[in-house]
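Below, each chain spelled out in residue letters.
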Amino acid sequence: MARRALVEGDELLARLGTTFRDVGYEGASLALLSKSTGLKKASLYHRFPRGKEEMGAEVLAEAGRWLSEHIIVPLGGPGSPRERLESMTRQLDQFYDAGRKSCLLNMLSAPIGTSGTFGSAIRALFEAFIDALAKVALEAGAEKHEARLRAERVVALIQGSLVLARGLGTAAPFRRLITDLADDLLDTAEPET
């Protein structure tokens, strides 16, 4: 009988991440994680001796690396604020599969008022994202406090659109949001009449 190919590295973390995105941390049983990766439970424990918590931590760390490489660093790079924000929206659109994938940070978060297993790591990722967006808003002329508020609003809109898309069973809320995201941060949207 042929031996099953091993799943390692990026592919393993991607499969684990998909499971956490689909069912959340609490819903991701070891049986489900085993099925999604194609690895036996013993193989998963060999790779992740601390079990599901270590799997979640590594998936979260990989998401942090992606966020830094594709969002945070480019937001501070060359180009106009609008160009950098438009590049960011393209990256987010791809990462969230045009709104069809849930946010990993949301699915790994604990209820409000509790720190949860990954609370500090998730908080740090959100803070880094908000800080990077606020710097772009500052560069575009917003006052410091206003830049921070706009950045928080943009992150909230992204997260909310993903939750709404999941709840409604359609990616349309995310798709609509992503087209106007630069305007929301730069506050250049046309006033309603």
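Rules used throughout
Residues numbered from 1 in each chain as written. Predicted model: local features only at pLDDT ≥ 70, side-chain atom pairs only at ≥ 80, totals over all residues. Heavy atoms only, no water. Helix = DSSP H or I, 4+ residues; strand = E, 2+ residues; numbered from the N terminus. Buried < 20%, exposed > 50% of the residue type's maximum accessible area, 1.4 Å probe, protein only. Salt bridge = Lys/Arg side-chain N within 4 Å of Asp/Glu carboxyl O. 1 Å grid on protein atoms, 1.4 Å probe; cavity = no way out; pocket = protein on both sides within 12 Å on 5 of 7 lines; lining within 4 Å. Points joined across faces, edges and corners; volume = space filled by probe spheres on them. Phe/Tyr/Trp six-rings, centres within 6.5 Å; stacked < 30°, edge-to-face > 60°. Lys NZ or Arg CZ within 6 Å of the ring centre and 35° of its normal.

Visitor: Explain the overall build of the chain to me, please; I cannot follow it from the model alone.
Guide: When helices and strands are tallied, the chain shows nine helices and zero strands. In sequence order, the secondary structure elements of the chain are arranged as α-α-α-α-α-α-α-α-α. Taking the principal axes of its C-alpha atoms as reference, the chain extends roughly 65 × 35 × 30 Å. Across the 193 residues that make up the chain, the buried fraction comes to 40%.

Visitor: Explain the pattern of salt bridges to me, please; I cannot follow it from the model alone.
Guide: Once the charged atoms of two side chains with opposite charge are near each other, the side chains can pair. Taken as a whole, this structure holds 13 salt bridges when the rule is applied. A cluster of three or more residues bridged by salt bridges with shared partners is formed by Glu 127, Asp 131, Arg 148 and Glu 152.

Visitor: Just checking my understanding: could you explain empty space enclosed by the protein for this structure?
Guide: In this approach a probe as big as a water molecule rolls over the atoms, and the regions it shows empty are the leftover space. For the structure on display, the rule yields one cavity of 30 Å³ or more. Here the largest cavity defines a volume of roughly 150 Å³. Along the wall of the largest cavity there are 14 residues; nearest its centre are Leu 67, Phe 95, Tyr 96, Cys 103 and Leu 105. Every element with two or more residues in the lining of the largest cavity is listed here: helix 4 (52-75), helix 5 (81-95), helix 6 (104-108) and helix 7 (119-139).

Visitor: Honestly, the packing of aromatic side chains in this entry has me stumped. Any pointers?
Guide: Here a ring pair, both rings aromatic, is described through the centre-centre distance and the interplanar angle of the planes. Summed over all chains, the structure comprises five aromatic pairs. Pairing Phe 95 with Tyr 96 gives two aromatic rings, centres 5.1 Å apart and planes at 75 degrees, and the pair type is edge-to-face. A relative accessible area of 7% means that Tyr 96 is categorised as buried. Between Tyr 96 and Phe 174 the ring centres are 5.9 Å apart and the planes differ by 75 degrees, which places this aromatic pair in the edge-to-face class. On the criterion of sequence distance, the pair formed by Tyr 96 in the loop between helix 5 and helix 6 and Phe 174 in helix 9 (residues 172-186) is long-range, its members being 78 residues apart. Given the relative accessible area of 0%, Phe 174 is considered buried. Aromatic rings pair up to connect Trp 66, Phe 95, Tyr 96 and Phe 174 into one cluster. Above the plane of the ring of Phe 48 lies Arg 47, whose end atom (NZ or CZ) is 4.6 Å from the centre. Above the face of the Tyr 25 ring, Lys 52 is positioned so that its terminal group lies 4.4 Å from the ring centre.

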